[in-house]
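The lines below spell out each chain.
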Amino acid sequence: MAAQGCEEMSDKEQEKPSAMEVTDPPDLPLAEVTGMSEENVAVTTNPPTTSDAVAATTPQPPADKESVLPAAFERLWKAAQENSQEFSCWTDLLQYCEQEGNYTASSKALTAFLDHYPLCYGYWKKFTDLQCRAGDNKKAEEVCLKGLRAIPLSVDLWIHYINLLLGTLEMNLPESSQRIRSVFEEAVSAAGLEFRSDRLWDLYVEWEKEQGNTRNAAAVLERVLKVPTHMYNTHYVKYKAHLNSHEPKEVLQPEEYSELRTLCRQSQKAEKAEQAQESQAERPPGEEEPATPEGQDTEELMKKIREQVLLRRDKVHKENEAEVRKRWNFEDAIKRPYFHVRPLDRSQLQAWHSYLDWEIEQLKGPSNSNKAEPQEALEEPADTRDDKRVRILFERCIIACALYDEFWIRYLQYLEPREVEGTRVVYRRVCEIHLPRKPNLHIQWATFEEKHGDFCEARRILAALEKRVPGLAVVRLRRAALERRAGQLDQSEALLQEAVTESKDKPALHAFYSIKLARLLQKLCRNPSKARQVLREALEISPDNEKLHVNLLDLESEEENQVSADAVQECVTRALAASLTPHTKILLSQRGLQFAEENSSSIKRVLSIYDEHQKLLTELRGTKRAAEKVEADSEKATKTEEAPAPDPPPVQQTPSTTSPAMSSDVSGYSGYSNWYQHPQYSGYSYGYQNTWNYNQSYYPPH
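Note that the structure is a prediction, hence the values are computed from the model and not measured.

**Structural notes on the overall build of the chain**
Argument step 1. Assigned secondary structure in the chain consists of 35 helices and zero strands.
Argument step 2. For the chain, the exposed area adds up to about 35,400 Å²; of that, 50% sits on carbon and sulfur atoms.

Set out below in structure tokens:
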């Protein structure tokens, strides 16, 4: 079982399942699929025998591929389709199909399940074996390759694929060996840097030995000597045994062998010359030293060459051992390296974050300049290879933490400055497969595509998100904003108008969309009359919505004509008749009074509006002083939500120039002049946007 395979590291170096091997939880019904014990994933060093291959590819009886589905299949299938996020619905369906042994049902269920949960490597193996039993080796290979595209770091799936090829290809043909070798190269390129990829390297080495390619086997061992893996010491032991059991010229590359042979022969000659000088006096006169035939390598020379090889490899091994020690504690802290729908505990999440922090710091650190030997493991520069290590660690992380958007976001932040196309691929994986209902990730993806000039893809992403998760105001606003930035004002207007129409049964949402549409019409489309109509229609549905009253008043206040003055007062009158809070009514009345003071051509009209405002204050607060206290309290509350505005400059006190006659005609004018000096009104702001949290998560975090 998966949990059994996740044993802790020990000094005995017992190999536990790969951290990248994605398996299913211990309690899943298909036990043989999810098992990760050494018995289930043992390295196959020999190709299957002919009888095994025939048994694996012999078609089942025709009844197994009948198109008639089992009795309970439709019920379980419907439950899985309607609750695609419920993992247990899928496992119930798969268990039933396995029990019934129906090929059509199993194939259909596995295909749909793996579309939703492609990180369950055990089910890819199960699907591959299903196709083999049906006699369709080509389909089996296609299924296995599809699984490898989904989880390229799965060591078990690579081994399963290689064994499938070894059992189905005609190995007597030279092209078959070439293909197997190319698949091995693809496997170690994709998963060779994974910490527990030892079984894959071992399988590669053993296969080369079986082919009689001792030099190729040694070359593979030399490559893995430079890779920090769990069984790093075992590889060095195997390399020494391989070197000692063959002549150096059969193991080393020709260039290195020629170099070491020349070096050792020169050393040997120097030693012999020194010995000859010492023994010349003791040798009888006329006797000469026996000559060694030219071109022959003595056992002593072979021994010296092996010693020189091991001196070089020992240096590489020690450097690799140091890299393993750096990673050991991080690897040991990871207890669940496979995918599961169950939440991870906080310590496991922190373990992944810590490991990622360290690996990224290694990439940034100055120590890279000193990594001369390890950088040759895959014949790549140090910076490139360290970047590959970081990416592989991210890939491992998002298998175990596939349902946590924080790790996907971190991976995307790492990738975007380095590779645009790779970032796009990761966005597609997380948004279309693993987290299809996470709005923030989709919005970030659309922003990414728009930033790189692909407006069509950004439109598609947002439209697909709105279809999958309908009713999100932020998504509709992003779509409208995207069209606006693309210069398509008519499309932006149409999207907002559609939202207004569809939300009439939700007054608050309807008012919100109406305000957005009215602003677009007024500010960008230069159509205030249509904007006015939108707000008035919204007020018919929500007559007590204070945001609508404020926005309509703002719209009317910006018009520069006498009709506008009447419209402003009409707005104020409508608001005072609505069931608004006293505080809101006072503020709107003040706005109307301010507009009259700044734009009216008749002092009588101004005084009339002022008198109405004073009556309102008396009616709502009893006294003017109480009303001012409410306004002051409101201002304090507003300043806690918004940045504090500078205090208005002090009002100059000028001597009154009003004649006694005018004073008797315009009684109360001094009171009217006093209200306008109140600093509370200058800080008036109606922060309705905060309620909708529209500004949250607009841009991807940096």
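**Re unusual backbone geometry**
Argument step 1. We note that Arg-526 has phi near 55°; this positive angle belongs to a residue other than glycine.
Argument step 2. Take Arg-526: it is sitting in the loop between helix 25 (507–524) and helix 26 (528–541).
Argument step 3. The exposure class assigned to Arg-526 is exposed, which follows from its relative accessible area of 66%.

**Description of helix 25**
Given 3.6 residues per helical turn, the α-helix brings residues three or four places apart onto the same face.
Argument step 1. For helix 25, which comprises 18 residues, the first-to-last C-alpha distance of 25 Å matches the rise-based estimate of 26 Å (1.5 Å per residue) to within 8%.
Argument step 2. In terms of burial, helix 25 is a largely internal element, 13 of the 18 residues being buried.
Argument step 3. At the C-terminal side of helix 25, Arg-526 shows a positive phi close to 55°.

**Thoughts on helix 17 (residues 346–364)**
Argument step 1. The terminal C-alpha atoms of helix 17, which comprises 19 residues, lie 27 Å apart, in line with the 27 Å expected from a rise of 1.5 Å per residue.
Argument step 2. For helix 17, the set of buried residues is Gln-348, Leu-349, Ala-351, Trp-352, His-353, Tyr-355, Leu-356, Trp-358, Glu-359, Ile-360, Gln-362 and Leu-363.

**Points about the nonpolar core**
Argument step 1. Formed by 81 residues in total, the largest nonpolar core has its most connected members in Leu-93, Phe-113, Leu-200 and Ile-305.
Argument step 2. It is helix 9 (residues 155–168) that contributes the most residues to this core, nine residues altogether.
Argument step 3. Beyond its immediate stretch of four places on either side in the chain, Leu-200 contacts Val-155, Trp-158, Ile-159, Ile-162, Phe-184, Ala-187, Val-188 and Ala-191.
Argument step 4. Grouped together as the second largest cluster of nonpolar side chains are 41 residues, Tyr-355, Val-390, Phe-394 and Cys-401 included.

**Side note on the packing of aromatic side chains**
Argument step 1. Evaluation of the coordinates by the stated rule reveals 18 aromatic pairs.
Argument step 2. Geometrically, the ring pair formed by Tyr-117 and Phe-339 is tilted, given 6.1 Å between the ring centres and 40° between the ring planes. Here Tyr-117, found in the loop between helix 6 (103–116) and helix 7 (121–133), pairs with Phe-339, found in the loop between helix 16 (299–333) and helix 17; they are 222 residues apart in sequence, far enough to count as distant. Across the pair, exposure class does not vary: Tyr-117 and Phe-339 are buried alike.
Argument step 3. Judged by centre distance (5.3 Å) and plane angle (40°), the ring pair of Tyr-427 and Phe-448 falls under tilted. Note that Tyr-427 is positioned in helix 20 (residues 420–434) and Phe-448 in helix 21 (residues 439–451), a separation of 21 residues in sequence.

**Observations regarding the packing of helix 24 (residues 489–502) against helix 25**
Argument step 1. Where helix 24 contacts helix 25, the axes come no closer than 8 Å and their chain directions differ by 155°. Between helix 24 and helix 25, the interaxial angle falls into the category roughly antiparallel. Crossing of helix 24 over helix 25 shows left-handed handedness. For the pair helix 24 and helix 25, contact is made by Leu-489, Ser-492, Glu-493, Leu-496, Gln-497, Ala-499 and Val-500 and by His-510, Tyr-513, Ser-514, Lys-516, Leu-517, Leu-520, Leu-521 and Leu-524, respectively.

**Topic: the pattern of salt bridges**
Argument step 1. Under the definition given, this model contains 44 salt bridges.
Argument step 2. Between Arg-325 and Glu-321 there is a salt bridge, with its nearest N and O atoms 3.6 Å apart. Of this pair, Arg-325 and Glu-321 both sit in helix 16, four residues apart, which is roughly one turn of that helix.
Argument step 3. When the shortest N-O distance is used, the salt bridge between Glu-416 and Lys-451 registers 2.6 Å. Here Lys-451 lies in helix 21 and Glu-416 lies in the loop between helix 19 (405–415) and helix 20, a separation of 35 residues in the sequence.
Argument step 4. Linked through salt bridges whose partners overlap, the residues forming this network are Glu-222, Glu-256, Glu-259, Arg-312 and Arg-313.

**Considerations on the environment of His-246**
Argument step 1. Structurally, the position occupied by His-246 is in the loop between helix 13 (232–244) and helix 14 (248–251).
Argument step 2. For the pair His-246 and Arg-215, spaced 31 residues apart in sequence, the C-alpha to C-alpha distance is 9.8 Å.
Argument step 3. Non-local contacts of His-246, meaning those with residues more than four positions away in its chain, are made with Thr-214, Val-251 and Arg-306.
Argument step 4. At a separation of 3.0 Å, a polar atom in the side chain of His-246 contacts the main-chain carbonyl oxygen of His-242.

**Here we look at the side chain of Glu-194**
Argument step 1. Checked against the element boundaries, Glu-194 lands in the loop between helix 10 (174–191) and helix 11 (198–210).
Argument step 2. The class for Glu-194 is buried, based on a relative accessible area of 0%.
Argument step 3. Among the polar contacts listed, one links the side chain of Glu-194 to the side chain of Arg-396, at a separation of 3.3 Å.

**Re the packing of helix 26 against helix 27 (residues 546–557)**
Argument step 1. Between helix 26 and helix 27, the least distance of the axes is 10 Å, while the angle of their chain directions is 160°. Taken together, the axis directions place helix 26 and helix 27 in an arrangement best described as roughly antiparallel. By crossing handedness, the relation of helix 26 to helix 27 is classed as left-handed. Of helix 27, the residues touching helix 26 (which contributes Pro-528, Ala-531, Arg-532, Leu-535, Arg-536, Ala-538 and Leu-539) are Leu-548, His-549, Asn-551, Leu-552, Leu-555 and Glu-556.
Argument step 2. Grouping the amino acids of the contact of helix 26 with helix 27 by side-chain chemistry returns eight nonpolar, two polar and three charged.

**Topic: the environment of Asn-163**
Argument step 1. In this structure, Asn-163 sits in helix 9.
Argument step 2. When its relative accessible area of 16% is taken as the criterion, Asn-163 is described as buried.

**A closer look at the environment of Arg-196**
Argument step 1. Here Arg-196 lies in the loop between helix 10 and helix 11.
Argument step 2. Note: C-alpha distance between Arg-196 and Val-155 (41 residues apart in sequence) is 8.2 Å.

**Some remarks on the confidence of the model for the chain**
Argument step 1. For the chain, the average pLDDT comes to 78, and 71% of its residues sit at 70 or higher.
Argument step 2. Confidence drops under a pLDDT of 50 for residues 1–64, and excluding neighbours within four residues, the segment shows 152 contacts in the predicted structure.

**Some points on the side chain of Gln-131**
Argument step 1. In this fold, Gln-131 is placed in helix 7.
Argument step 2. Overall, Gln-131 belongs to the buried group, its relative accessible area being 0%.
Argument step 3. Contacts of Gln-131, omitting those with residues within four sequence positions, involve Tyr-103, Ser-107, Asp-136, Lys-139, Ala-140 and Val-143.

Definitions and cut-offs
- Residues numbered from 1 in each chain as written.
- Predicted model: local features only at pLDDT ≥ 70, side-chain atom pairs only at ≥ 80, totals over all residues.
- Heavy atoms only, no water.
- Helix = DSSP H or I, 4+ residues; strand = E, 2+ residues; numbered from the N terminus.
- Areas by Shrake-Rupley, 256 points an atom, 1.4 Å probe, with all protein chains shown as cover.
- Buried < 20%, exposed > 50% of the residue type's maximum accessible area, 1.4 Å probe, protein only.
- Expected span 1.5 Å × (residues − 1).
- Core = buried A, V, L, I, M, F, W, Y, C linked by side-chain atoms within 4.5 Å.
- Contact = heavy atoms within 4.5 Å.
- Phe/Tyr/Trp six-rings, centres within 6.5 Å; stacked < 30°, edge-to-face > 60°.
- Axes fitted to C-alpha atoms, helices over the stretch in contact; angles between N-to-C directions.
- Parallel < 35°, antiparallel > 145°, perpendicular 65-115°, else oblique.
- Left-handed = near helix turned anticlockwise from the far one by under 90°.
- Salt bridge = Lys/Arg side-chain N within 4 Å of Asp/Glu carboxyl O.
- Polar contact = N/O pair within 3.5 Å; in protein donor to acceptor, adjacent residues only side chain to side chain.
- Nonpolar A, V, L, I, M, F, W, Y, C, P; charged D, E, K, R; others polar.
- pLDDT = per-residue confidence, 0-100.

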